[in-house]
Amino acid sequence: MTVFVVPMEAALGAEVRGLDLAREMDNATANEIAQAWYARQVLLFCGQSLNPDRLAAFSRHFGALDVVPAWRKFHPPGSKDVLVISNVIENGEPIGVLGYGEAEWHTDMSYIDLPPRASVLHALEVPQAGGETSFLDMYAALESMPRELRGAIEGKVINHDSSYDSAGGLRPGAATFDDVREAPGARHPAIRLHPESGRRALYLGRRRNAWIVGMDEKDSDVLLDALWAHVLQPRFVWTHSWRVGDVLVWDNRCTMHRRAPFDASARRVMHRTQIVGERPIAA
Ligand code: OGA
Ligand code: MN
């Protein structure tokens with residue numbers, strides 16, 4: 001099979017053309033895709049039509065499927081492997097998660113010990129406007145960092161709060177706290193080594209309630225604000241406007257993402273999988 005990889009005119013992202021993901025992929029093709037993914041961090045496949053089983057089968061090329069405990073009840077009918085991301089409400093009940101508001105910059109589930117390696121989204125229904133998903137290149141963010149700032153974060157560990165989701169909601173069962181040093185979650189190196197690319201990436205997770213372990217709370221906030229101010233530059237970002245049939249695969253180890261808000265009355269329905277990850281390697 002001939003696969004074309006067309007890089008986006010941005011720091012990261014590429015479209016892969018010439019594949020019907022509903023079909024089995026041979027090893028050579030799967031390997032080409034993996035190499036393109038390591039190089040570009042986010043891959044886009046357009047015009048796909050995947051039922052949950054086929055989406056799961058495609059996703060397994062990136063590793064074993066993972067579960068998201070808090071989202072367990074939001075499966076499409078007949079599938080335990082796929083989750084629904086949606087604002088749609090049917091019979092008074094949401095059919096999926098994340099609503100229609102902004103999902104702030106984050107990398108998926110960095111608040112657990114083994115954060116997911118990859119996430120996959122397949123667009124089934126999209127709004128006319130809004131709901132775009134942006135991705136940020138955390139290799140470039142690190143590599144372009146002013147020397148002093150890099151020196152300040154080198155060797156540090158960040159506590160990733162697990163109590164709030166990226167839509168700003170308190171997760172089920174989470175308690176509130178007054179001091180970020182008491183935030184529940186996981187601790188990971190601020191700079192991590194990507195096991196496949198061999199490159200180093202900044203690993204921030206979410207801004208809210210983050211804490212640089214061992215630092216005075218105020219000093220930690222000042223340093224985190226400086227890091228985020230550096231990272232959130234358009235030159236590191238690629239924004240994707242969804243069309244029905246799109247499939248996106250992103251690497252949570254070296255990117256962050258954000259979802260723009262959209263009109264509450266519009267329908268947005270995405271199917272999602274997540275791939276089991278590894279413990280971040282300090283670099
Ligand atoms: C996610 C996520 C953004 C979107 O699925 O992890 O952040 O565009 N989704 O729906
Ligand atoms: Mn996410």
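Residues numbered from 1 in each chain as written. Chains lettered and ligands numbered in written order. Predicted model: local features only at pLDDT ≥ 70, side-chain atom pairs only at ≥ 80, totals over all residues. Heavy atoms only, no water.

### What about the coordination of the manganese ion (ligand 2)?
Step number 1: For the manganese ion (ligand 2), the full set of protein donor atoms is H106 (NE2), D108 (OD) and H257 (NE2), and the range of their distances to it is 2.1 to 2.2 Å.
Step number 2: Written as a sequence motif, the donor arrangement for the manganese ion (ligand 2) is H-x1-D-x148-H. (Donors = N, O, S within 2.8 Å, 3.2 Å for Na, K, Ca; no water.)

### With respect to the site of ligand 1
Step number 1: The local shell around ligand 1 consists of I85, L98, H106, D108, L121, T133, W250, H257, R259, R268 and R272.
Step number 2: One of the side-chain nitrogen or oxygen atoms of H257 is found 3.0 Å away from an oxygen atom of ligand 1.
Step number 3: At a separation of 2.6 Å, an oxygen atom of ligand 1 approaches a polar side-chain atom of R272.
Step number 4: In isolation ligand 1 offers 290 Å² of accessible surface; the protein chains occlude 99% of this area.
Step number 5: Class assignment of the residues belonging to the shell around ligand 1 gives a composition of four nonpolar, three polar and four charged. (Near = heavy atom within 4 Å. Polar contact = N/O pair within 3.5 Å; in protein donor to acceptor, adjacent residues only side chain to side chain. Areas by Shrake-Rupley, 256 points an atom, 1.4 Å probe, with all protein chains shown as cover. Nonpolar A, V, L, I, M, F, W, Y, C, P; charged D, E, K, R; others polar.)

### Looking at the sheet that holds strand β14 (residues 200-202)
Strand pairs in the sheet, formed through backbone hydrogen bonds, run parallel or antiparallel to each other.
Step number 1: If you trace the three strands from one edge of the open sheet to the other, you get β14-β13-β20, paired in antiparallel fashion. Looking at the sheet topology across the chains shown, the edges are occupied by β14 and β20 (281-282).
Step number 2: By the bridge criterion, two bridges tie strand β13 (residues 191-193) to β20 in an arrangement that is antiparallel. Across the sheet, residue R192 finds its bridge partner in β20, namely A282. (Pairing = 2+ DSSP bridges. Helix = DSSP H or I, 4+ residues; strand = E, 2+ residues; numbered from the N terminus.)

### Let's talk about the domain arrangement of the protein
Step number 1: Domain annotation of the protein identifies domain 1 (4-137 + 239-275) and domain 2 (140-231).
Step number 2: Taking only C-alpha atoms into account, the centre of domain 1 sits 24 Å from that of domain 2.
Step number 3: At the interface, 21 residues of domain 1 touch 22 residues of domain 2.
Step number 4: Here domain 1 and domain 2 share an interface that buries about 2,000 Å² over both sides, 57% of which is from carbon and sulfur atoms.
Step number 5: For the pair domain 1 and domain 2, the number of links is one salt bridge.
Step number 6: The partner of R253 in a salt bridge is E196, with the nearest N and O atoms 3.0 Å apart.
Step number 7: Listing elements by their share of the side of domain 1 that touches domain 2, those giving two or more residues are β8 (103-106) and β10 (133-137).
Step number 8: Tallying contributions element by element places β8 first for the side of domain 1 that touches domain 2, with four residues.
Step number 9: Tallied by class, residues from the side of domain 1 that touches domain 2 come to eleven nonpolar, four polar and six charged. (Domains from an automatic or database assignment. Contact = heavy atoms within 4.5 Å. Buried area = accessible area lost by both parts, 1.4 Å probe. Salt bridge = Lys/Arg side-chain N within 4 Å of Asp/Glu carboxyl O.)

### Let's talk about helix α1 (residues 27-40)
Step number 1: Relative to the 20 Å expected for 14 residues at 1.5 Å per residue, α1 spans 20 Å between its end C-alpha atoms, a close match to the ideal helical length.
Step number 2: Taken together, the buried positions of α1 are occupied by T29, A30, I33, A34, A36, W37 and R40. An end-on view of α1 places all buried positions within 165° of arc, on one side of the element. Facing away from the buried surface of α1 by more than 90 degrees, the exposed residues are N27 and A28.
Step number 3: Elements that come into contact with the buried residues of α1 comprise β1 (4-7), β2 (14-17), β3 (42-45), β9 (118-125) and β17 (247-251).
Step number 4: Capping of α1 at its N-terminal end is provided by D26; its side-chain oxygen lies 3.3 Å from the backbone amide nitrogen of A28.
Step number 5: Positioned one or two residues after α1, Q41 has a phi angle of 75°, which is positive. (Expected span 1.5 Å × (residues − 1). Buried < 20%, exposed > 50% of the residue type's maximum accessible area, 1.4 Å probe, protein only. Arc of directions from axis to C-beta.)

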